[in-house]
Amino acid sequence: MSDEPQGEAFVTIFDDTYDQPDCRAYFRMMDALGYRNQHHAVTAFRAGLTALVRARGLSAPRLLDFASSYGIVTLLMRYRLGLDDVFARYRAPAFDGLGPAEVIARDRDWLAGLPRHAPPLHVTGLDIMPNAVAYGRTVGLFDEGYAEDLGAGAPSPGLAAALGQVDMIVECGSVAQLMPRALDRVLSACGPRKPWVMTSPIRGNERAAAAEVLARHGLVQEVLPIAPFVHRRFEGPEEQARALENARAAGHETEGVESTGHFHAQVLLARPEDEADDPRDWSLPLSVPPLP
Ligand SMILES: C[S@@+](CC[C@H](N)C(=O)[O-])C[C@H]1O[C@@H](n2cnc3c(N)ncnc32)[C@H](O)[C@@H]1O
């Protein structure tokens, strides 16, 4: 893990599920806790990617799925399906008795037959959990995958080469905000034309240190003009009390938002100033109706 403080704001860590040989436990945990972040965030990320592709004339944009875990962000960016479809797939009892190799084989076949969004993407997955990254590579989600901790040290030559070509960084889960040293090492390895960075941190997990890192790399950060959306349900009153405190400390009005029993998130976009058009003019919608 990083030597940077994780901070009390970091949501409850579910370590066991984060490094299993296949994705079942992770997606079932997300389903059980009512995760919704990726449903909302990826809609905005895809709108941003479309704007970036147009602005830079890209035909096969290269993405970094930062803190990727099993690659849910890549899955929703690349394929025509929703978070609810993913949860429904792994809820099926047919997955109960399978070994990891069987799940991986089924997932590889399933993904190979799924319709994709245009344009074609090249995705690099980066996470500290080796099994999660290996799963993403084996099933074909990631074109390249690296299990490295840039909070602790410099990228390997392979990762540095991949980062050098990245057009867009996407991240769901607050790591980019809470680990500014890792974010700095990612951006330092990127090419001279810095990528757009789209993230969906929980309200209260925004950090001035992350904004400073982005600014040092010539990126201007803004909050997308969409309503705060559900990240996931609180596990209990103590977690809710902490979240309310953190969100208020960051200047958010929590009544009708975190007070309803859920962590809420927002989408941050950072990009070079000369590419900063108004996201309200983008051709794809920034937001979708919530899932039940
Ligand atoms: C809340 S999960 C989110 C995963 C995924 N993006 C999603 O939306 O489901 C946070 C992830 O950050 C990863 N992580 C923690 N520290 C990291 C670091 N220094 N570099 C890369 N990933 C890290 C964890 O292993 C975990 O997979």
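As shown above, the structure is provided for reference.
Worth saying up front: this structure is predicted, and the values here are computed from it rather than measured.

Novice: Can you break down the nonpolar core residue by residue, with the values?
Specialist: Formed by 71 residues in total, the largest nonpolar core has its most connected members in Phe66, Met168, Val170, Val186 and Met198. The element contributing the most residues to this core is helix α3 (residues 37-56), with eight residues. Those residues in contact with Met198, other than ones at most four positions away along the chain, are Ala44, Phe45, Gly48, Met168, Val170, Val267 and Leu269.

Novice: Let's hear about the environment of Arg28: which residues, and what values?
Specialist: Inspection of the secondary structure assignment puts Arg28 in helix α2 (residues 24-32). Take Arg28: there are 15 C-beta atoms within 10 Å of it, and that puts it in the partly exposed class. Taking C-alpha positions, Arg28 is 9.7 Å from Val86, a pair spaced 58 residues apart along the chain.

Novice: Could you give an account of the sheet that holds strand β1 (residues 62-66), naming the residues involved and the relevant values?
Specialist: With mixed pairing, seven strands are arranged side by side in an open sheet as β3-β2-β1-β4-β5-β9-β6. If you trace the sheet from one side to the other, it starts and ends with β3 (144-147) and β6 (219-223), each paired once. On average, each strand axis in the sheet is inclined to that of its neighbour by 15°, with strand direction left out of account. By the bridge criterion, four bridges tie strand β2 (residues 122-127) to β3 in an arrangement that is parallel. Residue pairing in the sheet places Gly125 in a bridge with Gly145 of β3. Along the sheet, α3 makes contact with β4 (168-171), β5 (196-199) and β9 (268-272), crossing β5 at roughly 170°.

Novice: Give me the lowdown on unusual backbone geometry, citing residues and values where you can.
Specialist: Ala118 connects to Pro119 through a cis peptide bond whose omega is -5°. Within the fold, Pro119 resides in the loop between α6 (100-112) and β2. One non-glycine residue, Ala67, lies in positive phi territory at about 55°. Here Ala67 shows up in the loop between β1 and α4 (72-78). For Ser69, which is not a glycine, the phi torsion comes out positive at approximately 50°. Exposure remark for Ser69: the 24 C-beta atoms within 10 Å place this residue in the buried category.

Novice: Give a description of the site of the ligand that names residues and reports values.
Specialist: Neighbouring the ligand are 21 residues, the closest being Ala67, Ser69, Gly151, Cys172 and Gly173. When contributions to the shell around the ligand are tallied by element, the ones reaching two or more residues are α4 and β2. Residues belonging to the shell around the ligand are distributed by class as follows: 13 nonpolar, six polar and two charged.

Novice: Tell me about the environment of Gly34, and name the residues and values.
Specialist: Summarising the element assignment, Gly34 is placed in the loop between α2 and α3. Judged by the 17 C-beta atoms lying within 10 Å of it, Gly34 falls in the partly exposed class. It is 8.1 Å that separates the C-alpha atoms of Gly34 and His231, two residues lying 197 residues apart in sequence. Discounting chain neighbours no more than four positions away, the residues touching Gly34 are Arg232 and Arg233.

Novice: I'd love a proper account of helix α11 (residues 208-216), names of residues and values included.
Specialist: Buried within α11 are the following residues: Ala210, Val213 and Leu214. Take α11 and look down its axis: the buried residues cluster within an arc of 95°, on one side only. Among the exposed residues of α11, those oriented more than 90 degrees off its buried face are Ala208, Ala215 and Arg216. Taken together, the buried residues of α11 touch α9 (175-178), α10 (180-189), β5, β6 and β9. Positive phi shows up at Gly218, right after α11, with a value of about 80°.

Quick notes on the rules
Residues numbered from 1 in each chain as written. Predicted model: local features only at pLDDT ≥ 70, side-chain atom pairs only at ≥ 80, totals over all residues. Core = buried A, V, L, I, M, F, W, Y, C linked by C-beta atoms within 7 Å. Buried ≥ 20, exposed ≤ 12 C-beta atoms within 10 Å, placed from the backbone. Helix = DSSP H or I, 4+ residues; strand = E, 2+ residues; numbered from the N terminus. Contact = placed C-beta atoms within 7 Å. Pairing = 2+ DSSP bridges. Axes fitted to C-alpha atoms, helices over the stretch in contact; angles between N-to-C directions. Near = placed C-beta within 6 Å. Nonpolar A, V, L, I, M, F, W, Y, C, P; charged D, E, K, R; others polar. Arc of directions from axis to C-beta.

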